[in-house]
Amino acid sequence: MSKTLVWVEHEGGAVKDATLSAVTAASQLGEVHLLVAGKGVDGVAAAAAKIAGVGKVHVADDAAFEHALPENIAPLIVELLASHDVFVAPATSNGKNIAPRVAALLDVAQISDILSVESEDTFTRPIYAGNAIATVKSKDAKKVITVRGTAFVKAEREGGSGTVEAVSSNGGASADRGISSFVGAEIAKSERPELTSAKVIVSGGRALKDAETFQEVIFSLADKIGAAVGASRAAVDAGYVPNDYQVGQTGKIVAPEVYIAVGISGAIQHLAGMKDSKTIIAINKDEDAPIFQVADIGLVGDLFKIVPELTGKL
Ligand code: FAD
């Protein structure tokens, strides 16, 4: 049975949801150990130890790990992998920043964005923007894997009783590798749910014309129903919303209960990010728009009439 090490992504003292999906994937490979790295992370470590199925939590508490700089965290993970067979990270921006460095340091091939665990060396993952699913078998002795959060159920936050162990890092060397430093973070404050964990998403496309109209039409509907807001790449490129709103192959992968696509044509790169949503509602004036091929409910018509009417009636 393999021993897996999962990197825990955390924020504001809480374990992020994507980590819970990574734990589920790891539990299909063997014994699950977690790594909590950061500064003042006793609370996170205690919460991590309670996650169902976790055997041990390694805690690396050092200022060098405070902002999850991959240049500092990747060598720490490589050290811990001396006694683990598999490294697992959520396929989030931070996870995707750390895992390739670990793979490079170990000189192994990363297995990215897995959708399922077929056996201890075989996995499925999307290719061609999700239009084909590849089955990948790895011969590497140590495996480095990122996990698509929407493909695995989240492990329960309660029910585990893992032991917590401090990492004695780097054989006494500094945890700060001195090759990168944290400068600052600009984080948009929002009352809305986060895009990747929202139950309902209202997404707007190029048809929304400009930032002001996007705000008026899409945000008003989203606020009415407590939904997160997403966008197509065309809407982001045109400056209607910042790029962390982008859904798709080069944006966020989402699978909410309900995804409402407004004035979005349904290019394959957009579908790659949302087609696993439980119910897809599309509003588009072109009845031949490809989005209708994946939609459960389609409304053909002018969004500037339909959406305000809908928002008004809710
Ligand atoms: P359009 O394709 O221009 O569609 C606008 C739609 O609005 C049309 O269907 C039109 O009928 C409808 N419309 C217009 N006016 C109205 C109205 N008044 N009422 C109702 N409907 C109306 N795209 C992404 O979204 N996410 C990605 O991550 C992404 N990654 C990419 C990666 C690569 C390598 C490449 C090459 C492309 C990528 N794209 C991505 C871009 C993608 O190919 C499309 O160009 C983009 O998704 C189109 O956005 P859109 O649907 O908003 O715009």
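A few points on the structure.

Conventions we followed
Residues numbered from 1 in each chain as written. Predicted model: local features only at pLDDT ≥ 70, side-chain atom pairs only at ≥ 80, totals over all residues. Heavy atoms only, no water. Phe/Tyr/Trp six-rings, centres within 6.5 Å; stacked < 30°, edge-to-face > 60°. Buried < 20%, exposed > 50% of the residue type's maximum accessible area, 1.4 Å probe, protein only. Helix = DSSP H or I, 4+ residues; strand = E, 2+ residues; numbered from the N terminus. Near = heavy atom within 4 Å. Polar contact = N/O pair within 3.5 Å; in protein donor to acceptor, adjacent residues only side chain to side chain. 1 Å grid on protein atoms, 1.4 Å probe; cavity = no way out; pocket = protein on both sides within 12 Å on 5 of 7 lines; lining within 4 Å. Sits in = over half its atoms within 2 Å of the grid points. Nonpolar A, V, L, I, M, F, W, Y, C, P; charged D, E, K, R; others polar. Expected span 1.5 Å × (residues − 1). Arc of directions from axis to C-beta. Contact = heavy atoms within 4.5 Å. Pairing = 2+ DSSP bridges. Axes fitted to C-alpha atoms, helices over the stretch in contact; angles between N-to-C directions. Parallel < 35°, antiparallel > 145°, perpendicular 65-115°, else oblique. Left-handed = near helix turned anticlockwise from the far one by under 90°. Points joined across faces, edges and corners; volume = space filled by probe spheres on them.

It is worth spelling out the packing of aromatic side chains at this point. The geometry of two aromatic rings is summed up by the distance between their centres and the angle between their planes. One pass over the full model with this rule turns up three aromatic pairs. Look at Phe214 and Phe219: their rings are 5.9 Å apart centre to centre, the planes differ by 65 degrees, and that puts the pair in the edge-to-face class. When its relative accessible area of 0% is taken as the criterion, Phe214 is described as buried. Taking the relative accessible area as the measure of exposure, Phe219 reaches 6% and is therefore buried. Between the aromatic rings of Phe214 and Tyr240, the centroid separation amounts to 6.2 Å while the plane-to-plane angle is 50 degrees, which identifies the pairing as tilted. Here Phe214 is found in helix 5 (residues 211-225), whereas its partner Tyr240 is found in the loop between helix 6 (233-237) and strand 15 (258-262), with 26 residues between them in sequence.

With that settled, the discussion passes to the site of the ligand. In the neighbourhood of the ligand, 25 residues make up the surrounding shell, with Arg206, Ser232, Thr250, Ser265 and Asn284 lying closest. Arg206 places a side-chain nitrogen or oxygen 2.6 Å from an oxygen atom of the ligand. The backbone of Leu303 places a nitrogen or oxygen atom 2.9 Å from a nitrogen atom of the ligand. The site holding the ligand turns out to be the second largest pocket. Put simply, the parts of the chain that give the shell around the ligand at least two residues each are helix 6, helix 7 (268-274) and helix 9 (303-313). Across the shell around the ligand, the residue classes break down as seven nonpolar, 13 polar and five charged.

Helix length check: helix 4 (residues 93-106) (14 residues) gives 21 Å between terminal C-alpha atoms against 20 Å at 1.5 Å per residue, within 8%. Every buried residue belonging to helix 4 is among Gly95, Ile98, Ala99, Val102 and Ala103, and all of these are buried. The arc enclosing the buried residues of helix 4, seen along the axis, measures out at 135 degrees, which places them on a common side. Of the exposed residues in helix 4, those oriented more than 90 degrees away from the buried face are Ser93, Ala104 and Leu105. Each element contacted by the buried residues of helix 4 is listed here: strand 1 (2-7), helix 3 (70-80), strand 6 (86-90), strand 7 (110-114) and strand 11 (143-147).

To continue, consider the sheet that holds strand 8 (residues 116-119). Here three strands make up an open sheet; going across it, the order is 8-9-10 and the pairing antiparallel. Strands with a single pairing partner mark the edges of an open sheet, and in this sheet they are strand 8 and strand 10 (132-137). Strand-to-strand, the axes of this sheet are offset by a mean angle of 35 degrees, without reference to chain direction. Inspection of the sheet shows strand 8 paired to strand 9 (residues 122-127) by three bridges, in the antiparallel sense. In the strand pairing of strand 9, Ser119 is matched with Thr122.

Between helix 3 and helix 4, the shortest axis-to-axis distance is 9 Å and the interhelical angle comes to 50 degrees. Classed by the angle they form, the pair helix 3 and helix 4 counts as oblique. Crossing angle aside, the handedness with which helix 3 passes helix 4 is right-handed. Across the interface between the two elements, Pro70, Glu71, Ile73, Ala74, Pro75, Ile77 and Val78 from helix 3 touch Asn97, Ile98, Arg101, Val102, Leu105 and Leu106 from helix 4. The class makeup of the residues in the contact of helix 3 with helix 4 is ten nonpolar, one polar and two charged.

Now for the layout of surface pockets. To find leftover empty space, one rolls a probe the size of a water molecule over the atoms. Empty space within the second largest pocket amounts to approximately 480 Å³. What lines the second largest pocket is a set of 25 residues, among which Arg206, Ser232, Gly263, Ile264 and Ser265 lie closest to the centre. Listed by contribution, the elements that provide at least two residues to the lining of the second largest pocket are helix 6, helix 7, strand 16 (279-284) and helix 9. For the lining of the second largest pocket, the per-class residue count stands at eight nonpolar, 13 polar and four charged.

These figures come from the coordinates and say nothing about function on their own.
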